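Here's the letter readout for the chains.
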Amino acid sequence: MKKEQIQENGMDRRGFLKRTALAGAALCIVPALEKVNAAEKVISDRQKSLNTGMPSLAALHDTRTLGSGKAAFQVSVMGFGCMGLNHNRSWHPDRKQEIALIHEAVERGVTLFDTAESYGYHVNEKLVGEALKGYTDRVFVSSKFGHKFVNGVQVRTEENSTPQNIRQVCENSLRNLGVETLGIFYQHRIDPNTPIEVVAETCGELIKEGKILHWGMCEVNVNTIRSAHKVCPVTVIQSEYHFMHHSVEENGVLALCEELGIGFVPYSPLNRGFLGGMINEYTQFDPKNDNRQTLPRFQPDTIRANYRIVEVLNAFGRTRGITPAQVALAWLINKRPFIVPIPGTTKLSHLEENLRAADIRFTPEEMQELEAAVAAIPVVGSRYDALQESKIQK
Ligand SMILES: NC(=O)c1ccc[n+]([C@@H]2O[C@H](COP(=O)([O-])OP(=O)(O)OC[C@H]3O[C@@H](n4cnc5c(N)ncnc54)[C@H](OP(=O)(O)O)[C@@H]3O)[C@@H](O)[C@H]2O)c1
């Protein structure tokens, strides 16, 4: 999708606001009957816009650039994390409703959709592919390689980033998604048996062949990023980052992204929904489709202890008319200009709420106040189990 098109969408929205403002101004000068007519027109214009799902609803109009130089990639200020549409986030609506939700996201200006080979082996990619059919001139999809699968079942103790597997996964992703090129192709987790230089070289070849536009890595450390970037410029790092997990601030990854001109996509920006405030110690997760029940931070006692953090976001948001989820997302967007969060949702109401967070600006004092209030509360429980944590580079 081109920048001009994104701006065009923004113009539509601005155009609507301008027209509404002019209609409002007209109200002040016309006689009484005309006032009624003018008011009716405003209402009917607004109704029209509601019916078409366009301007008066939440929409993204800003873009951000991930990466720099030849690796630069312009996308909407917020993306859409597609994993939870079928995988690891409990119950979900039927396929038709989910496709309609993705269409809403496209119409409202989201241009980056995040999936992976592993989100229900090929299932999520096929769903996203079906939903984006006819839209791929306007949006991009990122997918991921690197987990090891045997007959469609993940071997959790091993990773596979051999060039042969990267290429195979790429072909599968292109086919599943029905696209000729992936926007971003990420290494999902580091493979200790394949040097990162080999991975970078393979991704560089895929870029030259036009199969991927850009590449990135998840949960890697500064040494890996430096080595990879020398072989093939990296567009984006995707790692966990939110109010309850700050390791990219502490291990130098965020600073290195800034130094090298690499973008950053924080995954699970709402801490898997926790920061939205709708999860409490009584929450039941789908026993067959939710990895949160295995995570130390999602046990009843840790949920209870950590809920104080949600309450901080609530208190901060209450006086500003914004929700805890919006505080969490807006904080990330305000944190650095090269950050593009990818919250996931199965609900139109949450999509609406999340997209509006992109318009929220905090002053440096507000950022400080928020960070200090959150830092005062110790986070209880680790984010991953021992096996998952062992795959994260420190
Ligand atoms: N690279 C990696 O290793 C990695 C790992 C995990 C995830 N990811 C990516 O990151 C994306 C997002 O991650 P995620 O799903 O783990 O976490 P998330 O975006 O932090 O949270 C998603 C959860 O939050 C809920 N939610 C969304 N908006 C909300 C709102 N406004 N208020 C309250 N609850 C809200 C959703 O439930 P509803 O459906 O009810 O809205 C969903 O269960 C994934 O889709 C995936 O693309 C990448």
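Conventions used here
- Residues numbered from 1 in each chain as written.
- Predicted model: local features only at pLDDT ≥ 70, side-chain atom pairs only at ≥ 80, totals over all residues.
- Heavy atoms only, no water.
- Helix = DSSP H or I, 4+ residues; strand = E, 2+ residues; numbered from the N terminus.
- Buried < 20%, exposed > 50% of the residue type's maximum accessible area, 1.4 Å probe, protein only.
- Contact = heavy atoms within 4.5 Å.
- Areas by Shrake-Rupley, 256 points an atom, 1.4 Å probe, with all protein chains shown as cover.
- 1 Å grid on protein atoms, 1.4 Å probe; cavity = no way out; pocket = protein on both sides within 12 Å on 5 of 7 lines; lining within 4 Å.
- Points joined across faces, edges and corners; volume = space filled by probe spheres on them.
- Nonpolar A, V, L, I, M, F, W, Y, C, P; charged D, E, K, R; others polar.
- Near = heavy atom within 4 Å.
- Polar contact = N/O pair within 3.5 Å; in protein donor to acceptor, adjacent residues only side chain to side chain.
- Expected span 1.5 Å × (residues − 1).
- Pairing = 2+ DSSP bridges.
- Axes fitted to C-alpha atoms, helices over the stretch in contact; angles between N-to-C directions.
- Parallel < 35°, antiparallel > 145°, perpendicular 65-115°, else oblique.
- Left-handed = near helix turned anticlockwise from the far one by under 90°.
- Arc of directions from axis to C-beta.
- Phe/Tyr/Trp six-rings, centres within 6.5 Å; stacked < 30°, edge-to-face > 60°.

## What about the overall build of the chain?
Point 1. For the chain, the count of helices and strands is 14 helices and eleven strands.
Point 2. For the chain, the residues scored as buried account for 53% of the 394 residues in total.
Point 3. Counting only contacts in the chain whose residues sit at least 6 apart along the sequence, the fraction spanning at least 24 positions is 76%.
Point 4. Counting only carbon and sulfur atoms, one obtains 55% of the accessible surface of the chain, whose full area is about 17,800 Å².

## Let's talk about the layout of surface pockets
Point 1. For the second largest pocket, the calculated volume is near 210 Å³.
Point 2. Together, Lys70, Ala71, Gly204, Ile207, Lys208, Leu213, His214, Trp215, Cys232, Pro233 and Thr235 line the second largest pocket.
Point 3. Taken together, the elements giving at least two residues each to the lining of the second largest pocket come down to helix H6 (196-208) and strand E9 (212-218).
Point 4. When its residues are assigned to classes, the lining of the second largest pocket shows six nonpolar, three polar and two charged.

## Things to note about the environment of Tyr135
Point 1. Mapped onto the secondary structure, Tyr135 falls in the loop between helix H4 (123-132) and strand E5 (140-145).
Point 2. For the pair Tyr135 and Val106, spaced 29 residues apart in sequence, the C-alpha separation works out to 7.9 Å.
Point 3. The residues touching Tyr135, leaving out its near neighbours within four places in the chain, are His103, Val106 and Glu107.

## Focus: the site of the ligand
Point 1. Around the ligand sit 31 residues in total, of which Leu270, Thr345, Thr346, Lys347 and His350 are the nearest.
Point 2. In this structure, an oxygen atom belonging to the ligand sits 3.1 Å away from a main-chain N or O atom of Gly273.
Point 3. Grouping the amino acids of the shell around the ligand by side-chain chemistry returns eleven nonpolar, twelve polar and eight charged.

## A short note on helix H5 (residues 163-177)
Point 1. Spanning 15 residues, H5 covers 21 Å between terminal C-alpha atoms, matching the ideal 21 Å at 1.5 Å per step.
Point 2. Of the residues one or two after H5, Gly178 is the one with positive phi, at around 70°.

## Things to note about the pairing of strand E11 (residues 263-267)
Point 1. Burial within E11 is extensive, with five of its five residues counted as buried.
Point 2. Side chains of E11 alternate between two faces, with Gly263, Val265 and Tyr267 and Phe264 and Pro266 buried alike.
Point 3. Pairing between strand E10 (residues 236-240) and E11: five bridges, direction parallel. From the neighbouring strand, Ser239 faces E11, where its bridge partner is Pro266.

## Digging into unusual backbone geometry
Residues other than glycine predominantly adopt negative phi, and peptide bonds predominantly adopt the trans conformation.
Point 1. One non-glycine residue with positive phi stands out, namely Asn88, at about 65°.
Point 2. A relative accessible area of 16% means that Asn88 is categorised as buried.
Point 3. Notably, Asn151 is not glycine yet its phi reads approximately 50°, a positive angle.

## Some thoughts on the packing of helix H3 (residues 95-107) against H4
Point 1. Packing of H3 against H4 leaves a shortest axis separation of 9 Å and a crossing angle of 60°. With respect to their mutual orientation, H3 and H4 come out oblique. Considering the relative orientation of H3 and H4, their crossing is right-handed. When H3 is examined against H4, the residues Arg95, Glu98, Ile99, Ile102, His103 and Val106 are found in contact with a partner set consisting of Lys126, Leu127, Val128, Glu130, Ala131 and Leu132.

## Some thoughts on the packing of helix H7 (residues 222-231) against helix H9 (residues 253-260)
Point 1. Packing of H7 against H9 brings their axes to within 10 Å, and their N-to-C directions diverge by 25°. By the criterion of interaxial angle, the relationship of H7 to H9 is roughly parallel. Crossing handedness for the pair H7 and H9: right-handed. For the pair H7 and H9, the contacting residues are Val222, Ile225, Arg226 and His229 in the first and Val253, Leu256, Glu259 and Leu260 in the second.

## Thoughts on H7
Point 1. Residues of H7 that are buried include every one of Thr224, Ile225, Ala228 and His229, and no others. Projected down its long axis, H7 carries its buried residues within an arc of 125°, all on one side. Among the exposed residues of H7, those oriented more than 90 degrees off its buried face are Asn223 and Lys230.
Point 2. Close packing links the buried residues of H7 with H6, E9, E10 and H9.

## Examining the environment of Lys394
Point 1. With respect to the element layout, Lys394 can be found in the segment after helix H14 (386-390).
Point 2. Linking Lys394 and Glu250, residues 144 residues apart in sequence, is a C-alpha distance of 9.9 Å.
Point 3. When near neighbours in sequence (up to four residues on either side) are disregarded, Lys394 contacts Asn221 and Glu389.
Point 4. Only 2.7 Å separates the side chain of Lys394 from the side chain of Glu389, close enough to count as a polar contact.

## Details of the packing of aromatic side chains
Aromatic rings in a pair are described by how distant their centres are and how their planes are angled relative to each other.
Point 1. For the structure shown, the criterion picks out eleven aromatic pairs.
Point 2. Ring geometry for Phe316 against Phe362: centres 5.3 Å apart, planes inclined by 85°, an arrangement best described as edge-to-face. Linking Phe316 in helix H10 (residues 300-318) with Phe362 in the loop between helix H12 (348-356) and helix H13 (364-375), this pair joins segments that are 46 residues apart in sequence. Comparing Phe316 with Phe362, the two get one shared label, buried.

## What to know about the side chain of Lys144
Point 1. The residue Lys144 is located in strand E5 in this model.
Point 2. Classification of Lys144 as buried rests on a relative accessible area of 1%.
Point 3. Within the structure, Lys144 has its side chain in polar contact with the side chain of Tyr119 (distance 2.9 Å).
Point 4. Every residue in contact with Lys144, bar those within four places of it in the chain, is listed here: Asp114, Thr115, Ala116, Glu117, Tyr119, Val169, Phe185, Tyr186, His188, Cys218 and Gln238.

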